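Here is how the chains run, residue by residue.
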Number of protein chains: 2
Amino acid sequence: MGDLQFKRSVELTLKVIGGKWKPVVLCHLTEGVKRFGELKRDMPDITQKMLTQQLRELEQDGIIDRKIYTQVPPKVEYSLTEYGQTLRGVLDVMADWGFKHEERIR
Amino acid sequence: MGDLQFKRSVELTLKVIGGKWKPVVLCHLTEGVKRFGELKRDMPDITQKMLTQQLRELEQDGIIDRKIYTQVPPKVEYSLTEYGQTLRGVLDVMADWGFKHEERIR
DNA sequence: TCCTTTAGTTTCTTTCAGGGTACTATGTTA
DNA sequence: TAACATAGTACCCTGAAAGAAACTAAAGGA
């Protein structure tokens, strides 16, 4: 892989899973199917707006699935798509490095 | 690894290699030792201020080494530390995923 | 009749990462 | 004696991201 392509690929990955909330959301969704409110409760510091926004972006990138139950009050379930599962490896490697880094700087 | 720890580790990694310029800088430094001006030329769109800033942060994180030659005009060489080399795997996995993702969305 | 619940949307405000430009030091060269 | 080259620093500015808080829909229950 060329150097330029390498750079672009890393940047693209960062666009999909980078930022303040995406990795956290992804992390919680690796546990399984979650409702909106559940995710919100898992992440007390995220605002509803931010959570919705991150979920929409992940959905558009094909990473997560959004299943709406037409009932009142509303019920919406989020889960990783099969494609989203392929991110697991990336997240694992990042977590590994981060964990060792944390030990190093401690 | 606990879920909370996993999340924290991923976030820490992102703090070290995330942002607009860090991955690009890192990518260029995997090619070997580079002078400041060389890096600047490799990245025409980065400002001197930003480049300096990113390099300082990477240095503080122990990822890169800064070698100053006391001569005029100044000469400063940047390179990956041994520790910085351990990021290679992380970047590789990210590049792999990003590459496949790019193919997917094309 | 009004409250509750859930998953949002809307609007306004704040924060901050990043950017532009000018300035600096200093030995060498023309 | 003036310009050049290199690797910065200082200062101010901007736009985009993030956050807070209020608002919404609509069925069911008290």
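Thresholds applied
- As a convention, each chain's residues are numbered from 1 in the sequence order in which they are written.
- Starting at A for chains and at 1 for ligands, labels are handed out in the order in which the entities are written.
- Local features in this predicted model are restricted to residues whose pLDDT is 70 or higher, and side-chain atom pairs enter the listing and the counts only when it is 80 or higher, whereas totals over whole chains, interfaces and linings include all residues.
- Side-chain descriptors were evaluated using all non-hydrogen atoms of the structure, hydrogens and water having been removed beforehand.
- Two strands make a pair as long as DSSP finds a minimum of two bridges between them.
- Counting from the N terminus, the helices are the DSSP runs of H or I reaching at least four residues and the strands are the DSSP runs of E reaching at least two.
- The criterion used for residue contact is that any of the two residues' heavy atoms lie within 4.5 Å.
- Axis definition: a line fitted to C-alpha atoms, over the contacting stretch in the case of helices. Angles run 0 to 180 degrees between N-to-C directions.
- Any Phe, Tyr or Trp ring, taking Trp's six-membered ring, that has another such ring centre within 6.5 Å forms a pair; planes under 30 degrees apart are called stacked, those over 60 apart edge-to-face, and the others tilted.
- Two thresholds decide whether a charge sits over a ring: the Lys NZ or Arg CZ must be within 6 Å of the ring centre and within 35 degrees of the ring normal.
- For every residue, the accessible area obtained with a 1.4 Å probe (protein chains only) is divided by the maximum for its type, and the residue is called buried under 20%, exposed over 50%, and partly exposed between those limits.
- In this description, buried area is defined as the sum, over both parts, of the accessible area (probe of 1.4 Å) that is lost when the two are combined.
- Basic side-chain nitrogens of Lys or Arg form a salt bridge, by our definition, when they fall within 4 Å of a carboxyl oxygen of Asp or Glu.
- Here a polar contact is taken to be a pair of N or O atoms separated by no more than 3.5 Å, where protein atoms must pair a possible hydrogen donor with a possible acceptor and residues adjacent in sequence count only if both atoms sit in side chains.
- Think of it as three bins: nonpolar holds Ala, Val, Leu, Ile, Met, Phe, Trp, Tyr, Cys and Pro, charged holds Asp, Glu, Lys and Arg, and polar takes everything else, Gly as well.

## So, the sheet that holds strand E1 (residues 34-35) of chain B
Residues and elements named next belong to chain B. Ordered by their spatial adjacency, three strands build an open sheet running E1-E3-E2, and the pairing between neighbours is antiparallel. Looking along the sheet, the strands with just one partner apiece sit at the ends: E1 and strand E2 (64-69). Set on the sheet, helix H2 (residues 22-29) makes contact with E1, E2 and strand E3 (75-80); between it and E3 the angle comes to about 95°.

## Quick look at the packing of aromatic side chains
Throughout the structure, instances matching the rule amount to two aromatic pairs over all chains. Geometry around A:Tyr69 places A:Lys75 over its ring, the cationic atom sitting 4.6 Å from the centre. Seen from the ring of B:Tyr83, A:Arg104 lies directly overhead, with NZ or CZ sitting 3.6 Å from the centre.

## Examining the side chain of B:Ser9
Mapped onto the secondary structure, B:Ser9 falls in helix H1 (residues 3-17). The class of B:Ser9 is buried, set by a relative accessible area of 0%.

## Things to note about the interface of chain A and chain B
In this complex, chain A contributes 44 residues to the contact, which on the side of chain B involves 42 residues. Carbon and sulfur atoms make up 71% of the surface buried where chain A meets chain B, a total of about 3,800 Å² over both sides. On the surface where chain A and chain B come into contact, there are two salt bridges. The closest approach of N and O atoms between B:Arg8 and A:Glu102, which form a salt bridge, is 2.4 Å. Connecting chain A to chain B are twelve residue pairs in polar contact (both at pLDDT 80 or more). Listing elements by their share of the side of chain A that touches chain B, those giving two or more residues are helix H1 (3-17), helix H2 (22-29) and helix H6 (87-105) of chain A. Here the side of chain A that touches chain B takes 17 residues from H6(A), the largest share from any one element. Per-class residue counts for the side of chain A that touches chain B are 21 nonpolar, eleven polar and twelve charged.

The values reported here are purely geometric and, on their own, carry no functional implication.
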